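# Structure at a glance
Here is how the chains run, residue by residue.
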Amino acid sequence: MQLPKLNFKEDFVFDIKKDKDTFFIYDLVRKSWLVLTPEEWVRQHFAHYFIKVKKYAPSALILEKKLEVNGTLKRIDLLITEKTMPKILVELKAPHIKLTQETFEQIARYNSVIEAKEIILSNGIQHIEAEYIEEKYNSQYVSDKFTVREMKVQEFQDEINKVKTFFTYSKVNISQAF
């Protein structure tokens, strides 16, 4: 199986196995084998990043938790907690999925319920962070936080600049729009 190289400086070591025609990846947080999909590949990179690089305890990470948003059941990809309080909400996409206004609005809707101080939107190639300050999301392309490879930064800078123009939403506007 050819897995895409994601945009992290670190090269994480993953436990991967094959059963018949299906590949599985071991999840450090849930301590179980999961089907290796493109989105799961990105999610496991972030789990390893927060555990191995940022030194969060696995118990501080919540993966694929159900969430009710406007009467509809949704599922968050990853939530980082600190002293049981939501700190960073992470929305992940497969590497081939572009980050757009729609994907940002999705995580913003989820965060209207979660109320994390920071959100991260990533497809494993592009990483965009937004802090929720004074009822607005202030975003930035995150090259230093995830120690992105320099060759990748230049390659995706134009696309990132397009996406960044969408990231000045107030919580009130988002909740009214949906």
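In the block above lies the structure referred to throughout.
Counting restarts for each chain, with residues numbered from 1 along the sequence as it is written. With pLDDT at 70 or above as the cut-off, local features in this predicted model cover only qualifying residues; side-chain atom pairs require 80 or more to be listed or tallied, and sums for whole chains, interfaces and linings still use all residues. Excluding hydrogens and water, the side-chain values take into account all heavy atoms of the structure.

### Here's the deal with the overall build of the protein
Applicable threshold: Secondary structure elements are taken from DSSP: a helix is a run of H or I of four residues or more, a strand is a run of E of two residues or more, and numbering for both begins at the N terminus. Remark: exposure states derive from per-residue accessible area (1.4 Å probe, protein chains only) relative to the maximum for the residue type, with buried under 20%, exposed over 50%, and partly exposed in between. For this analysis, residues touch if any pair of their heavy atoms sits within 4.5 Å. Only the protein chains shown count as cover for residues, and the accessible areas themselves come from Shrake-Rupley with a 1.4 Å probe.
Helix and strand counts for the protein stand at four helices and nine strands. The N-to-C order of helical and strand elements in the protein reads β-β-β-α-β-β-β-α-β-β-β-α-α. Relative to its full complement of 178 residues, the protein shows a buried share of 46%. Taking the intrachain contacts of the protein between residues at least 6 apart in sequence as the baseline, contacts between residues at least 24 apart amount to 53%. Surface summary for the protein: the accessible area is close to 9800 Å², and the carbon and sulfur share equals 50%.

### Brief notes about the side chain of threonine 103
Tracing the backbone through its elements, the reader meets threonine 103 in helix H2 (residues 101–114). Residue classification places threonine 103 among the buried residues on the basis of a relative accessible area of 8%. Ignoring anything within four residues of it in the chain, the contact list for threonine 103 reads Lys93, Lys98 and Leu121.

### Regarding unusual backbone geometry
We note that lysine 20 has phi near 60°; this positive angle belongs to a residue other than glycine. Residue placement: lysine 20 occurs in the loop between strand E1 (16–19) and strand E2 (22–27). With relative accessibility at 74%, the residue lysine 20 sits in the exposed group. Within the chain, lysine 55 stands out as a residue other than glycine whose phi angle is a positive 65°. In this fold, lysine 55 is placed in the loop between helix H1 (38–53) and strand E4 (61–69). By relative accessible area, which is 65% here, lysine 55 ends up exposed.

### Some details on the pairing of E4
Put simply, the rule reads: Pairing between strands requires that DSSP locate at least two bridges from one strand to the other.
Alignment of E4 against strand E5 (residues 72–82), held across eight bridges, turns out to be antiparallel. Among the inter-strand pairings, leucine 63 is bridged to a residue of E5, identified as leucine 78. Counting the residues between successive antiparallel strands, the hairpin from E4 to E5 contains two residues, one of them, asparagine 70, with a positive phi of roughly 50°.

### Topic: the environment of phenylalanine 50
Position of phenylalanine 50 among the secondary structure elements: in helix H1. A C-alpha to C-alpha distance of 9.4 Å links phenylalanine 50 and alanine 60, two positions 10 residues apart in sequence.

### Section: the pattern of salt bridges
Our working rule: Every case where a carboxyl oxygen of Asp or Glu lies within 4 Å of a side-chain nitrogen of Lys or Arg is listed as a salt bridge.
Following the criterion strictly, the structure yields 11 salt bridges and no others. Ionic pairing is found between glutamate 40 and arginine 30, a salt bridge with its closest N-O pair at 3.6 Å. Highlighted residues: glutamate 40 in helix H1 and arginine 30 in the loop between E2 and strand E3 (32–35), separated in sequence by 10 residues. The exposure class of glutamate 40 is buried, given its relative accessible area of 4%. Look at arginine 30 and you get partly exposed, because its relative accessible area is 29%. Note that arginine 75 and glutamate 64 form a salt bridge whose closest N and O atoms lie 3.5 Å from each other. Taken together, the positions of arginine 75 in strand E5 and glutamate 64 in strand E4 put the pair 11 residues apart, joining distant regions of the chain.

### A few points about H2
Quick note on the threshold: Take the residue count of a helix, subtract one, and multiply by 1.5 Å to get its expected span. Counting of polar contacts relies on pairs of N or O atoms within 3.5 Å, with two restrictions inside protein: one atom must be capable of donating a hydrogen and the other of accepting it, and residues adjacent in sequence are counted only when both atoms are side-chain atoms.
Look at H2: 20 Å from first C-alpha to last across 14 residues, which is about the 20 Å you get at 1.5 Å a residue. Among the residues making up H2, those that are buried are Thr103, Phe104, Glu105, Gln106, Ile107, Ala108, Tyr110, Asn111 and Ile114. For H2, the N-terminal cap is threonine 100; the gap from its side-chain oxygen to the backbone nitrogen of glutamate 102 is 3.3 Å. Following H2 by one or two positions, glutamate 115 adopts a phi angle in the positive range, close to 65°.

### Remarks on the environment of lysine 17
Relative to the helices and strands, lysine 17 is located in strand E1. Under the relative-accessibility criterion, lysine 17 is labelled partly exposed at 37%. Spatially, the C-alpha atom of lysine 17 lies 9.7 Å from that of valine 35, the residues being 18 residues apart in sequence.

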